[in-house]
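# Descriptive structure summary
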Amino acid sequence: MDDLMFSDNPDEHRFELRKGGVVAAYSQYNLLKGAVLFTHTEVLPQFEGQGLGSKLAKSALGDVRARGLKAIPVCTFMAGYIRKHAEYLDLVAEEHQRAFKL
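For clarity, every value in this text was computed on a predicted model and none was experimentally measured.

We now examine the pattern of salt bridges. Under the criterion given, the structure shown has five salt bridges. Linking Arg 18 and Glu 16 is a salt bridge whose minimum nitrogen-to-oxygen distance equals 3.3 Å. Of the residues examined, Glu 16 reaches a relative accessible area of 2% and is grouped as buried. Across the pair Asp 90 and Arg 65 runs a salt bridge, and its minimum N-O distance is 2.7 Å. Of this pair, Asp 90 sits in the loop between helix 2 (76–84) and helix 3 (94–97) while Arg 65 sits in helix 1 (residues 52–66), and the two are 25 residues apart along the sequence.

The structure is reproduced here in structure tokens:
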């Protein structure tokens, strides 16, 4: 899937995954001091079932790590992704891990 492109769209407060130049999935966020608060993640219906949500989560959390920030996964999809991929658990502050059952 080399036609995928991940980007941060700060004007829309969301990370986006484009397929063939079209937004296929996005994760909305609020940028806080020292953290990214993920509020909602969505894969557009015509792109469901292709693993794009997971690819978006991996890229978004990688971006959070690269910026030296923490993640606050209010979004159930992002919390579930972190639950399944423990390598991202360190991005969630200890005091938030219990709240999101991580």
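This next bit is on the packing of aromatic side chains. Any pair of aromatic rings gets described here by the distance separating the centres and the angle formed by the planes. Tallying each qualifying case throughout the model produces four aromatic pairs. Considering the side-chain rings of Phe 15 and Tyr 29, the 4.9 Å spacing of their centres and the 35° angle between planes classify their relative orientation as tilted. In this pair, Phe 15 sits in strand 2 (residues 14–19) while Tyr 29 sits in strand 3 (residues 22–32), placing the two residues 14 residues apart along the sequence. There is no split in this pair, since Phe 15 and Tyr 29 are both buried. The ring of Tyr 26 has Arg 14 lying over it, and the distance from NZ or CZ to the ring centre is 4.4 Å.

What follows deals with the nonpolar core. Counting 23 residues, the largest nonpolar core has Phe 15, Val 36, Phe 38, Leu 61, Val 64 and Met 78 as its most contacted members. Those elements that provide at least two residues to this core are strand 2, strand 3, strand 4 (35–43), helix 1 and helix 2. Ranked by the residues each element gives to this core, the list is headed by helix 1, at six residues. Among the nonpolar cores identified, the runner-up in size contains five residues, and Leu 37, Ile 72, Ala 79 and Phe 100 belong to it.

The contact between helix 1 and helix 2 brings their axes to 10 Å, and the two run at 80°. Between helix 1 and helix 2, the interaxial angle falls into the category roughly perpendicular. Across from Gly 53, Ser 54, Ala 57, Lys 58, Ala 60 and Leu 61 in helix 1, the residues of helix 2 making contact are Phe 77, Met 78, Tyr 81 and Ile 82. Tallied by class, the residues present in the contact of helix 1 with helix 2 amount to seven nonpolar, two polar and one charged.

By secondary structure assignment, the location of Leu 56 is in helix 1. Residues Leu 56 and Tyr 81, 25 residues apart in the sequence, show an inter-C-alpha distance of 10 Å. Residues contacting Leu 56, with those up to four places away along its chain left out, are Phe 6, Phe 15, Glu 16, Leu 17, Ala 25, Tyr 26, Ser 27 and Thr 41.

With that out of the way, let us pick up the sheet that holds strand 4. Two strands in a sheet stick together by hydrogen bonds in their backbones, pointing the same way (parallel) or opposite ways (antiparallel). Strand order across the open sheet formed by five strands is 1-2-3-4-5, with mixed pairing between neighbours. Of all strands in the sheet, those bounded by a partner on one side alone are strand 1 (4–9) and strand 5 (70–73). Adjacent strand axes in the sheet meet at a mean angle of 25°, parallel and antiparallel pairs treated alike. Both strand 3 and strand 4 contribute to a ladder of eight bridges, which runs antiparallel. Each bridged residue has a counterpart across the sheet, and for Leu 32 the counterpart in strand 4 is Ala 35. Contacts from helix 1 reach strand 1, strand 2, strand 3, strand 4 and strand 5, with the element oriented near 135° to strand 2.

Parameters and conventions
Residues numbered from 1 in each chain as written. Predicted model: local features only at pLDDT ≥ 70, side-chain atom pairs only at ≥ 80, totals over all residues. Heavy atoms only, no water. Salt bridge = Lys/Arg side-chain N within 4 Å of Asp/Glu carboxyl O. Buried < 20%, exposed > 50% of the residue type's maximum accessible area, 1.4 Å probe, protein only. Helix = DSSP H or I, 4+ residues; strand = E, 2+ residues; numbered from the N terminus. Phe/Tyr/Trp six-rings, centres within 6.5 Å; stacked < 30°, edge-to-face > 60°. Lys NZ or Arg CZ within 6 Å of the ring centre and 35° of its normal. Core = buried A, V, L, I, M, F, W, Y, C linked by side-chain atoms within 4.5 Å. Axes fitted to C-alpha atoms, helices over the stretch in contact; angles between N-to-C directions. Parallel < 35°, antiparallel > 145°, perpendicular 65-115°, else oblique. Contact = heavy atoms within 4.5 Å. Nonpolar A, V, L, I, M, F, W, Y, C, P; charged D, E, K, R; others polar. Pairing = 2+ DSSP bridges.

Coordinates in, geometry out; function isn't part of it.
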